[in-house]
Amino acid sequence: MSEIVVADPSYGKSKNASRPITRSKTTGYVPEPFDSEKLPQTLILEVRPFLRVANQLEKEHPRVAYLCRFQAFVRAHTIDPNSSARGVRQFKTSLLQRLEQDEQATFPVRKETSDARELESVYHMTEDYILKHEGDFDLKNRQKVLDARATASVLSEVLRAITSGTGLEVAIVAGGDDNEAKSKFDVPYNILPLDPGGSQQAIMQLPEIKAAVAALRNIRGLPLEENQPGTSFDLFDWLQCLFGFQKGNVDNQREHLILLLANIHIRQTNKGVSMSELGEKVVDELTDKLFENYTSWCKFLGRKSNIWLPSVKQEVQQYKILYMGLYLLIWGEASNVRFMPECLCYIFHHMAYEVHGVLCGHVTPTGEKVKPANGRESESFLKNVITPIYRVIYEEAQKNKNGVADHSKWRNYDDLNEYFWSPDCFQLQWPMRLDHNYFHVQSSNDTEVKNSCFSFMAAVKNRKKEEKKAEEMMANVEETRKQQWLGKTNFVEIRSFWHLFRSFDRMWAFFILALQAMIIMAWHGMESLLQFFDATVLEDILSIFITSAVLKLVQAILDIVFTWKARNTMDFSQRLRHLLKLLVAVAWTIILPVCYAASQRNSTCNAKIYADWVGEWCISSYLVAVALYLVTNAVGMVLFFVPTISRYMETSNRWLCTIFSWWAQPRLYVGRGMQENLLSLLMYTSFWVLLLLTKILFSYHFEIKPLVEPTKQIMRISVSKYEWHELFPKVKSNAGAIIAVWSPVILVYFMDTQIWYSIFCTIFGGVFGVLRHLGEIRTLGMLRSRFQLLPSAFSLRLVPPSSKNVRKRRLKNFFWPKFHKASENEKSGFAKFALVWNQIISSLRSEDLISNREMDLMTIPLSSELSSGLVRWPVFLLATEFSIALSMARDFIGEDENLLKKMKKNSYMYCAVKECYELLKDILDFLVVGNLEKRVLSEIIGEVETSICRSSLLMDFKMSELPTLHATFIELVSLLFENKACHKDKVVKVLQDIFEVVTKDMMIHGSSILDLLPCYQSEEKDFFTGVKPELFVSSHGNPAIRFPFPDDNPMKEQTKRLFLLLTVKETALEIPVNLEAKRRISFFATSLFMDMPIAPKVHNMLSFSVMTPHYMEEVKFSMDELFSSQEAVSIMFYMQKIYPDEWTNFQEREGCMGCELDELIKNKPEELRNWASFRGQTLSRTVRGMMYYREALKLQAFLDMAKDEEMFEDYNAIERGLDKRNSPRSLSAQLDALADMKFTYVISCQMFGSQKSSGDPRAHDTLALMIRYPSLRVAYVEEKEEIGNKSQKIYSSILVKAVNNLDQEIYRVKLPGPPNIGEGKPENQNHAIIFTRGDAVQTIDMNQDNYMEEALKIRNVLQEFHRNNGLRSPTILGLREHIFTGSVSSLAWFMSYQETSFVTIGQRVLANPLRVRFHYGHPDLFDRVFHLTRGGISKASKTINLTEDVFAGFNSTLRQGYVTYHEYIQIGKGRDVGLNQISKFEAKITNGNSEQTQSRDIYRLGRRFDFFRMLSCYFTTVGFYFNSLLSVIGIYVFLYGQLYLILSGLERAFLLEARMQNIDSLETALASQSFIQLGLLTGLPMVMEIGLERGFFTAFKDFILMQLQLASVFFTFSFGTRSHYYGRTILHGGAKYRPTGRKVVVSHASFTENYRLYSRSHFVKGFELLLLLIVYNLFRRSYMSSMTYVLITYFIWFMVATWLFAPFLFNPSGFNWGKIMEDWKDWNNWIKNEGNIGVQQDKSWESWWEAEQNHLRHSGMIARILEILLSLRFFIYQYGLVYHLDISHDNKNFPVYLLSWLVIAAVVLLVKAVNFGRQRLGASVPFLFRLLKAALFLGVLAVIIILCFICDLSVMDLVVCCFAFIPTGWGLLLIAQAVRPLIEDSGLWQLVLVLAQSYDYGMGTVLFAPVAILAWLPIISAFQTRFLFNEAYNRRLQIHPILPGKKKKT
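Calculation criteria
Residues numbered from 1 in each chain as written. Predicted model: local features only at pLDDT ≥ 70, side-chain atom pairs only at ≥ 80, totals over all residues. Heavy atoms only, no water. Helix = DSSP H or I, 4+ residues; strand = E, 2+ residues; numbered from the N terminus. Buried < 20%, exposed > 50% of the residue type's maximum accessible area, 1.4 Å probe, protein only. Contact = heavy atoms within 4.5 Å. Patch = residues over 30% accessible without salt bridge, like charges linked within 9 Å, V, L, I, M, F, W, Y side chains within 5 Å. Areas by Shrake-Rupley, 256 points an atom, 1.4 Å probe, with all protein chains shown as cover. Salt bridge = Lys/Arg side-chain N within 4 Å of Asp/Glu carboxyl O. Polar contact = N/O pair within 3.5 Å; in protein donor to acceptor, adjacent residues only side chain to side chain. Axes fitted to C-alpha atoms, helices over the stretch in contact; angles between N-to-C directions. Parallel < 35°, antiparallel > 145°, perpendicular 65-115°, else oblique. Left-handed = near helix turned anticlockwise from the far one by under 90°. Phe/Tyr/Trp six-rings, centres within 6.5 Å; stacked < 30°, edge-to-face > 60°. Lys NZ or Arg CZ within 6 Å of the ring centre and 35° of its normal. Nonpolar A, V, L, I, M, F, W, Y, C, P; charged D, E, K, R; others polar. Expected span 1.5 Å × (residues − 1). Arc of directions from axis to C-beta. Pairing = 2+ DSSP bridges. pLDDT = per-residue confidence, 0-100. Disulfide = S-S within 2.5 Å.

Trainee: Quick one: what's the story with the overall build of the protein chain, residue by residue and with numbers?
Mentor: When helices and strands are counted, the protein chain shows 88 helices and 10 strands. Burial status across the protein chain gives 58% buried among its 1946 residues. A sequence separation of at least 24 residues applies to 79% of the contacts in the protein chain between residues at least 6 apart.

Here it is in structure tokens:
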């Protein structure tokens, strides 16, 4: 111990240490590992390596382990001597205690004389192991070498510290700061081992990698510093030294660029490029793509690009790589600034100029060489460039106040980025002026001015410079105070429905003008189009242009109002444009009406008589004005049909084009050149022209025209007597009645285009689906009939053609793909198909979808015979065919040729017979080894084959004995299959039986065979003397048969196959049994017949990455979760009941059939966890699915490389690990290298670091995934406190992999601050995207899945990026989703079908012909380079980008990208399966669409698309939700209109005087509304899609079954959810992410939970509609028939019932009496509990009610006023009904209404009195409180009795009063909530609270009563369970045990 003992007090102290390290000597040794994973965040990087090495060396070298732990302690003490960081004190204490225990105990076991020698010995042993095994390429050996290198690195540091004479700790500090002092072995890597030790690995031997590395290491001609090395020094190191980039960023982007260049290089080699050197085209291709956005930005701003290239050709490539490296380094370190692509362009622009200056040797005016303006120190780029911008982003985001602040008060990512779309951005200069207004985050009217740059600078500068920097910043405070907040840029997000008009003004103008024209035409009674040319009619119709001018004026005003807060960032041209637009609109609004009025006064023209109809056109001043007005639109119309010119004008910078574009649209960087080619334009134009013509004709004939005549009658009727006090009796033409009649029809007119879109989408989607071969194979029966075509289709689609055949195949694909049956001519094709098919079947077995037997039946036997052309089909295709053939042969009468022809008609039968015969020959040949037996066998076979050749088999053999022979052979093969030695005698006996049956019973000439036997030749001799050994019996030690078979002999597999061929009775329709396996196989087979690009070789394919964001979701179910007692049924129990066949298959696979669950828990816990997790929505399921990509690529790479004749031998060698893995040239090493180069999977597990530090089991499960899949990478954000400053935290993005069962850090990139400042998921994706690789990236959510057979098609999908799709290549590839959660409950089924219809037929039409598909789901593939230079794969601004995914599609389209959709590949997707979870999901999506309505992206798409694409965009995004809202508003308008007509007496007058029975248009309007309400918008496409894929009979059957299971109720309920949240979010905000949970257990939801969730969205609205219907029914007269009433209100009654009771219908055990009683108790407790601080919503009504009003607290003044105005509708009940009371005695005076308010005041006083009594007397003197309530009750009763006798108050009056005053009270309550800030501090608010509680209690009681009554009837509960889980019953699943729901907590 002498080497470590402290020598003097100064030893062990550093300059910053406050106290020395002290320790005491103790005895006792505990050889247990010390926890190296659960460490404080501040110590992980420096301490963990030493603790890990100590744990590894604990057993063999305990003294060295002690020294490593001591080194860890010293380092921890050096980092944090005062133990100020969180958890450091506890860690140091526990480690010191361990050191005290180990100090003496390890000393005696030391093997060397000193600690230094001990360490040196172990170090040299480790070094020798590394040098010896450095060339090993086996995966396990590679991991051991990596582990040894990490160990050697740690040991070298400990050894250096011990041997240093200056003391241990000082040496460590020095070593820690000097990178060169680090061990040469410590070089962790991601994919490419770029250190010298990794140069022999297979991936580094690839010529394309070598070429790319050589290009990066070409530093010839660069100005190098003296201390810069030259061996491994490359261009990235030079940039790091120049600009101060982080080392982790440099290493990361170096590998990134190498892989990009290498992948392009290998694709270019086919074009004659040398493999050894990087070609110019390779670099040019990547340069053009990477800098496409930058060069476009420079042109837009009129600046020259700063990418300066030398004139020397040899240096051009070097300079281009240098600039690409610079951009990638900027991007890799930009953190949240990556969401601002043009900001990155600005940074690159200046830094590229600095690079040019350094390269050219420019000097400053002082004679010094040019140096970077932001310094060259470590992390200087992060500190001086990124952090100032980040701080602006961060502090602006804080003003968002978690989504409740108005969007106009803070700048989001788009605002900050769009500042760089203006030349004004160059005012920031370089280095950036931190006093510029851009960096000022507070608005100018704030009283407290804050300088964001000052607060940032004080935190990020070096400690030694803090005081100096603070003084400098304080000196500039006065100047800083003059800064102004720039405000919004180009666009302001304002909460208003006017956004819909402003964004889609052309659509609204079209519909409004068309409506006006149709009304005019109907008013004139037009019956023919020729009447259109009548001068009077024409001029009236042309009055629509006056309306058009008014609409344009409204648009101009809206543009000014909505952009007012962005005026500070507008240039003069934009302001001038807005002003001129307004002036022109005002001018036309004046000119057109004046001219029209003048033409109307000038009637002389109309009075003249002309000779022809042309002369009737009087050229009036108005017509001239209209002609001039139309000229302005004529140019736009011409350009619409010539998109090329339009696109050129938008993208050109020529002054003429700029001026024209400036007037048409504001000049913006995005949204230019989005036009499609002429063919696409004609397609979507045709779609919309047909649709609009249909819609206009329908609206005219069924909505507008039928209303005109009733309107004329209403206008002629004079109503003098009203049934209430008419406030406006002098209004002419009964305007109120006309509004009441027309309003619902007009609303439906604007809404029903959505219906027509659904119909046309169904038709067009069906046609396109048929053309794409959807449903080619719908069933297993169809699969069986077409299975012979699969090898040909597989070869055509999934096998890369030779270079000669590429052109030929492309030509075939262009016209029509031709498939032919597999034959012996297709040798290698079928062999490859067989290999791939077996891998698919194997994956199904590994997923437990099929059993071992099904696997055997579905596998194609692999042997060298396949390469020779012999086709052997899977047994499930040949099952029963052999038996049928035997029966056919037995009963056949005729010639052999006819029998053969008959068998050959069924190819499977012929193959079965042929294969059985061949197998039998082979088996018997192997089995029989005796000479005599062999001769007999050969003679029999010779006879058979001779008969076949002579076509005399039927003559030479008795076919009637075939069944006997068949049974005997089955017995033989079964014995051979069992292969037991004890059965040898039975085998002999069966062989003898077969011999006798063949020779004696079947063969006509069998005597010739018998003559061969000795016993028959001596037949006449004495019996005892002539006995010879029996046939097949061994004699004299010579075996006659070889039995049992050797275990490793392939004959066992042949015997097994023959046994199956002879015995299997199932048909192909019954195999496999599992529904999911059937679906997957059918879809895969279907996809092979669909059009897809030619598959390239794996070597030449595009590379790609998969990225999955993960937060706190489940990784794997833990054992506690699987058997949790929180639920009445556990997850494990649920899984067993829902997946019984898969559970059985799992037990079979694990070799524990029939085992008890407890035994599995004990012996196979991990396997059990995996099985359950793979059936839930967990991360492990997603990872397993995505890693199929790697398996598929390795398999396909093998098929590309393997020779046909050696294919199966090589494959078997790889499978068994027998190939030469220790060689970089081995096939397996090459396959791994190719897979690594082409595929990367990164999980953005944001919380992994904190989970690991806290010991969260999810961290261990994540690590287990990395261990299971070595190529898996995890990126996470590390958050640690800065030592000495707890308020300052350091954030880093870290990438890790698994090495030696531990996580190893690969890259670390420090961040400027916390990355999550916007929406969570996009920020999570953004921090990890720098670690992805490849040309494409696939975004996968953690509730998704993938399949082996689909992964095989990824090469084809990636080739879509190179397909010609018109004007541009795709930038996003949309992929099909399969919803895998729709198999049990009806709700899951409905949701699955709804989602399926959208992700299939819906997106099919969106992509083609409409060309407006965006990004809707995570399976989509992004062009990675395109998107990394344009802001990433999503947007992250808080709230406005709530549905972040779709904004990626918006952004891509606006930036001239193109989104496609492909259906030949599918990805699994999980959805929520309970009504509450589904409703939360619908609410989240609707909230997101509300925010989209206000977004700049939707505005720009609506304004920049041509007219028809704009229509497509509207009706497939926000229009769908707005039309749902419009539909609900239409119902309200209709009912309130009818209420007005009835209560006022107008309807009675119209029906009696005008004899108007009913108005057809109203019925049409209601029928149209019901179309949306019942879910038919999704129902029609759904039926079409099911019909295409599964047959129309199945589609019709499923549709009927869905209706019987109340699908219409579900869709109507969802329709209410969408309409509520869309309207409320636009008015008041409140959009937020709603976690739905991904539970797998179906449980009962309490009444309280349902009420909380649906009270305001459904129940309140349902009660309002119910009240309207009841009042409508009470006061309608006998003159109105009941049938008319039913027809008008049927759908509304249905909707009311649905909105009120659907949550209880779809609630499992919702009508169980026991549950009902529990719910009632829970409800009463909830409604009565008081809400205080900290009380959750589910515990108290008051807490819930407060939270329910959150949206009003932050609502604007206009929204509050609108809320108050809407609440006034509830007063119409009281106003109308009080005049219908008997007590009013037909008095229609206004005081009657005023008197009714006295009743309301009395009721309010009563409530106040009761509440006062409860507060004062309820607790202290309850008797007096009861007395008070009794007195009040008796008083009210007395008043009612008096009124009955004196004023004729009737019972009906009491009922009517309830209907009158209850809505009034609710209206007052809503108004009080809207004006809460004004009355909250007064005594009124307590009254409001009591009133609100009373209303909620009353509504809850009314809802509960019918549910309780139905629950009392036991049959109702059984009926509910049946329709909820009909699918489970059909599958015979045990559903009852999983329904009890949650247990009550005691």
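Moving on from the model shown.
Trainee: Which residues make up a nonpolar patch on the surface, and what values do they have?
Mentor: A cluster of nonpolar side chains, F572, L576, L579, L580, L583, V584 and W663, forms an exposed patch at the surface whose accessible area comes to about 620 Å². Looking at which element gives the most residues to the nonpolar patch, the answer is helix α23 (residues 572-601), with 6 residues.

Trainee: Explain the pattern of salt bridges to me, and be specific about the residues and the numbers.
Mentor: The full count for this structure, using the stated rule, is 93 salt bridges. The partner of D505 in a salt bridge is R1503, with the nearest N and O atoms 3.7 Å apart. Residue D505 is found in helix α20 (residues 505-523), and its partner R1503 is found in helix α67 (residues 1496-1504); the two are separated by 998 residues along the sequence. Taken individually, D505 and R1503 each receive the classification buried, so the pair is uniform in this respect. Here E1278 makes a salt bridge to R1308, at a shortest N to O gap of 2.6 Å. Separated by 30 residues along the polypeptide, E1278 in strand β3 (residues 1272-1282) and R1308 in strand β5 (residues 1302-1311) bring together distant segments of the chain. Assigned by exposure class, E1278 and R1308 land together as buried. Connected through shared salt-bridge partners, D415, E418, K488, E493, R1496 and R1500 make up one network.

Trainee: Outline the side chain of D195, listing residues and values.
Mentor: For D195, the location among the structural elements is in the loop between α6 (168-177) and α7 (207-216). Within polar-contact distance, the side chain of D195 engages the side chain of R149 at 2.4 Å. If near-sequence neighbours (up to four positions away) are discounted, D195 is found in contact with R149 and V187.

Trainee: How would you explain the packing of helix α40 (residues 907-927) against helix α41 (residues 931-949) if you had to name every residue and give the values?
Mentor: For the pair α40 and α41, interaxial distance at closest approach is 11 Å and the crossing angle is 165°. Between α40 and α41, the angle falls in the class roughly antiparallel. Seen along the crossing, α40 lies across α41 with a hand that is left-handed. Here Y917, K921, L924 and D925 of α40 come into contact with α41, specifically with K934, L937, I941, V944 and E945.

Trainee: Before we move on, could you go through the packing of aromatic side chains and cite the residues and values that matter?
Mentor: Going through the model one piece at a time under the given rule, you end up with 101 aromatic pairs. With a centroid separation of 6.2 Å and 85° between ring planes, the pair formed by W873 and Y908 is classed as edge-to-face. Taken together, the residues span a long stretch of sequence, with W873 in the loop between α36 (864-867) and α37 (875-878) and Y908 in helix α40 at a distance of 35 residues. Relative accessible area serves as the criterion here: at 1%, W873 is assigned to the buried category. According to the relative accessible area criterion, Y908 is buried, its value standing at 3%. Over the ring of W523 we find K712; its NZ or CZ atom is 5.0 Å from the centre of that ring. The ring centre of Y189 lies 4.0 Å from the NZ or CZ of K1297, which sits over that ring.

Trainee: Help me get a handle on the packing of helix α75 (residues 1647-1675) against helix α78 (residues 1741-1748), residues and values and all.
Mentor: Close contact between α75 and α78 brings their axes to 11 Å; oriented N to C, the two are set at 35°. As for how α75 packs across α78, the hand of that crossing is right-handed. Contact with α75, carried on its side by Y1651, R1652, S1655 and R1656, involves W1744, W1745 and E1748 of α78 and no other residues of that element. Taken together, the residues that form the contact of α75 with α78 break down as 3 nonpolar, 1 polar and 3 charged.

Trainee: I'd like a rundown of helix α3 (residues 88-106), residues and numbers included.
Mentor: Compared with an ideal rise of 1.5 Å per residue, which puts 19 residues at 27 Å, α3 spans 26 Å between its outermost C-alpha atoms and is within 8% of the ideal. Those residues of α3 not exposed but buried are V88, F91, K92, L95, L96, R98, L99, E100, D102, E103, A105 and T106. Structurally, α3 contributes buried residues whose contacts are with α1 (44-57) and α2 (62-79).

Trainee: Summarise helix α27 (residues 655-664); cite the residues concerned and give the values.
Mentor: Looking at α27, one finds that the buried residues are C657, S661 and W662. Viewed end-on, α27 has its buried residues packed into an arc of 135°, placing them on one side of the element. Turned more than 90 degrees away from the buried face of α27, the exposed residues are W655 and L656. Each element contacted by the buried residues of α27 is listed here: α23 and α26 (643-651).

Trainee: Could you give an account of the pairing of strand β10 (residues 1459-1469), naming the residues involved and the relevant values?
Mentor: Counting buried positions over the 11 residues of β10 gives 11, a clear majority of the element. Note that strand β8 (residues 1372-1379) and β10 share 8 bridges and pair parallel. Residue pairing across strands places I1379 opposite K1469, the latter belonging to β10.

Trainee: Requested: an account of the confidence of the model for the protein chain, with residues and values cited.
Mentor: Model confidence for the protein chain is summarised by a mean pLDDT of 81, while 84% of its residues fall at 70 or above. Contacts from residues 1-28, a stretch scored under 50 in pLDDT, to residues over four places away or in other chains number 55 contacts.

Trainee: Which residues make up unusual backbone geometry, and what are the values?
Mentor: Only a minority of non-glycine residues have a phi that is not negative, and only a minority of peptide bonds are not trans. In this structure, the amide linkage connecting W430 to the following residue, P431, adopts the cis form with an omega of 0°. Within the secondary structure, P431 is located in the loop between α15 (413-418) and α16 (452-460). With omega at 20°, the peptide bond leading from N1408 into P1409 counts as cis. Tracing the chain through its elements places P1409 in the loop between α63 (1386-1407) and β9 (1421-1423).

Trainee: Could you give an account of the environment of T1144, with specific residues and numbers?
Mentor: If you trace the backbone, T1144 turns up in helix α51 (residues 1140-1149). The spacing of T1144 and L849 is 295 residues in sequence and 9.8 Å in space, taken between C-alpha atoms.

Trainee: Tell me what's going on with the state of the cysteines, and back it up with residues and numbers.
Mentor: For the structure shown, the criterion picks out 0 disulfides. Cysteine C345 shares no disulfide, and the gap to the nearest cysteine sulfur, in C298, comes to 7.3 Å. With a relative accessible area of 1%, C345 lands in the buried category.

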